[in-house]
Amino acid sequence: MAFDSLGNKLKGVLNKLTGRGMLTEADVKVAMREVRVALLEADVNFKVAKEFVAAVTERAVGQEVLKSLTPGQQVVKIVQDELTRLMGGQNAKLQVASKPPTVIVLCGLQGAGKTTFAGKLALYLKKMGKKPMLAACDTVRPAAVEQLKVLGKQVDVPVHFGGNDPVKIAKEAVKVAKDQMRDTLIIDTAGRLHIDEELMQQIQRICQTVDPTEILLVVDAMTGQDAVNIAKRFDETVPVTGIVLTKLDGDARGGAALSMRAVTGKPIKFAGVGEKLENIEVFHPERMASRILGMGDMLTLIEKAQANYDAEKAAAMEQKLRRAEFTMEDFLDQMRQVQNMGGAEEIAAMLPGMGMGRKMGNVQVDPKRLTRMEAIILSMTPEERRRPEIINASRRKRIARGSGTQVSDVNRMLNEFEGVRKMIKQFTGNKTMRKRGFRMPF
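Fair warning: this is a prediction, and the values are worked out from it, not measured in the lab.

The next point concerns empty space enclosed by the protein. Going through the model one piece at a time under the given rule, you end up with two cavities of 30 Å³ or more. Of the volumes computed, that of the largest cavity is approximately 50 Å³. Every residue lining the largest cavity is listed: R369, R372, M373, I376, D409, R412 and M413. Those elements that place two or more of their residues in the lining of the largest cavity are α17 (367–378) and α20 (407–428). With four residues, the single largest contributor to the lining of the largest cavity is α17. By residue class, the composition of the lining of the largest cavity is three nonpolar, no polar and four charged.

In this section: the packing of aromatic side chains. On inspection of all chains with the given rule, the structure shows two aromatic pairs. Relative to F270, the ring of F117 lies with its centre 5.8 Å away and its plane at 55°, an arrangement referred to as tilted. Of the two residues, F117 sits in helix α6 (residues 114–127) while F270 sits in strand β7 (residues 268–272), which places them 153 residues apart along the sequence. With a relative accessible area of 2%, F117 lands in the buried category. The class for F270 is buried, based on a relative accessible area of 3%. Arranged with centres 5.4 Å apart and planes meeting at 75°, the rings of Y124 and F270 form a pair that is edge-to-face.

For the rest of this paragraph, the subject is the confidence of the model for the chain. On average, the chain scores 80 in pLDDT, and the residues at 70 or more come to 77%. Note that residues 351–365 has pLDDT below 50 and, in this model, 42 contacts with residues that lie over four places away or in other chains.

On to α6. Taking 1.5 Å of rise per residue, the 14 residues of α6 would be expected to cover 20 Å, and the 20 Å separating its terminal C-alpha atoms lies within 8% of that figure. Positive phi appears at G129, one or two residues downstream of α6, with a value of about 90°.

Okay, helix α10 (residues 226–237) next. Spanning 12 residues, α10 covers 17 Å between terminal C-alpha atoms, matching the ideal 16 Å at 1.5 Å per step. For α10, every residue scored as buried is listed here: A227, V228, I230, A231, F234 and T237.

What follows deals with the pairing of strand β2 (residues 132–137). With six of six residues buried, β2 is to be regarded as a mostly interior element. Side-chain alternation along β2 places P132, L134 and A136 on one buried face and M133, A135 and C137 on a second face that is also buried. In this structure, β2 lies alongside strand β4 (residues 184–189), joined through six bridges in parallel fashion. What sits directly across from M133, in β4, is L185. As paired strands, β2 and strand β3 (residues 159–160) are joined by two bridges and run parallel to one another. Looking at the pairing, A135 lines up with H160 of β3. Viewed along the sheet, the connection from β2 through helix α7 (residues 144–155) into β3 turns out right-handed.

Further remarks concern the sheet that holds β3. The eight strands lie next to each other as β3-β2-β4-β1-β5-β6-β7-β8, forming an open sheet whose pairing is mixed. Every interior strand has two partners, whereas the edge strands, β3 and β8 (280–282), have only one. Sheet analysis places strand β1 (residues 102–107) next to β4, joined by five bridges and oriented parallel. Across the sheet, the residue bridging to V105 is I187, located in β4. Contacts from α10 reach β1, β5 (214–220) and β6 (242–246), with the element oriented near 155° to β5.

About the thresholds
- Residues numbered from 1 in each chain as written.
- Predicted model: local features only at pLDDT ≥ 70, side-chain atom pairs only at ≥ 80, totals over all residues.
- Heavy atoms only, no water.
- 1 Å grid on protein atoms, 1.4 Å probe; cavity = no way out; pocket = protein on both sides within 12 Å on 5 of 7 lines; lining within 4 Å.
- Points joined across faces, edges and corners; volume = space filled by probe spheres on them.
- Helix = DSSP H or I, 4+ residues; strand = E, 2+ residues; numbered from the N terminus.
- Nonpolar A, V, L, I, M, F, W, Y, C, P; charged D, E, K, R; others polar.
- Phe/Tyr/Trp six-rings, centres within 6.5 Å; stacked < 30°, edge-to-face > 60°.
- Buried < 20%, exposed > 50% of the residue type's maximum accessible area, 1.4 Å probe, protein only.
- pLDDT = per-residue confidence, 0-100.
- Contact = heavy atoms within 4.5 Å.
- Expected span 1.5 Å × (residues − 1).
- Pairing = 2+ DSSP bridges.
- Right-handed = clockwise from strand over helix to strand, strands pointing away.
- Axes fitted to C-alpha atoms, helices over the stretch in contact; angles between N-to-C directions.

Okay, structure coming up:
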């Protein structure tokens, strides 16, 4: 994730403080110099980094901190508080129009991920009980309209398109949304490879015509400090109400997210954390601060689990576990559920003490491995799926050939399955756990 490097460096600095029984003002100042370097290396705006360190230092060198029983832990809490404040303090919710439809205009440079985010936002709003509609107003980029139509079909949301005049398309889309009683209209606009006058005038005309409730600037988190400059330039042209950071799961250094609110005054409302349409998160500054410092993010993890929870499947699985009937097909189903929640590494990053980029147990799940696992399991006979212990060397060769994988891949997956099955037996066979109502989190 974008904050991996920064998070590891901050934790390294703060661990030195928490490992000491007492702290002096000099200890704090040395640590804060290291924090400042870490922020600058993460591409945080120079002025923002300077002000952040000054604010933390001022609070941390107070007598109530240095003379407390746990001064190191209190400094960590101060850093967490200041990180939260730096990113906006509280979650900034989407505004809703007093009279439908709520019109959301997406703007930004080409390649930032506007069109993909439009599809993600439509799916998110649909899950929230809304009736969204998409409008394809990017008439510049080849295949932009087709891409939005495909996304609309995938999330089962109507897409308004047609013609070459984006202003006219947007105006017609508002009328269609009203006629079809759609409560939210998401308008995808054209981007450019760089900011130019034509782009700005076009967005201005669209906004003047449709009077949007929200103007969201979509910014690629991997552009670093340039993202802040882009946000300032757009805000000078149209009244940007919020920012969306895409590709926050990439190798970016994370500085854009930390600098954006402080420099522009605009709240970060959403984060794109993967390629799938489900990979969208409401941006919570306090939760992100906890993740950066390796304290976990249990609230987001719980929300993801609830969104992917299937009561009937869970009840059926519980009965299977009680009878110790966990099969290969069950194993594959659980791996799919983990992937739907963002993947094992993303889940691990939300667990307190795990930190970012850590693996969850011995089971590693990524899209490519999941595809291989599916191929391997589907190449087994029904009997082999129910009783993997019968899979001998010749069967393993046959399964590898049938799935287009190596025997080593089959062996690895069988070992992972056996590890999970042993863990399940330990928990379901533990009388104390059963008396306390413990259930496996599958």
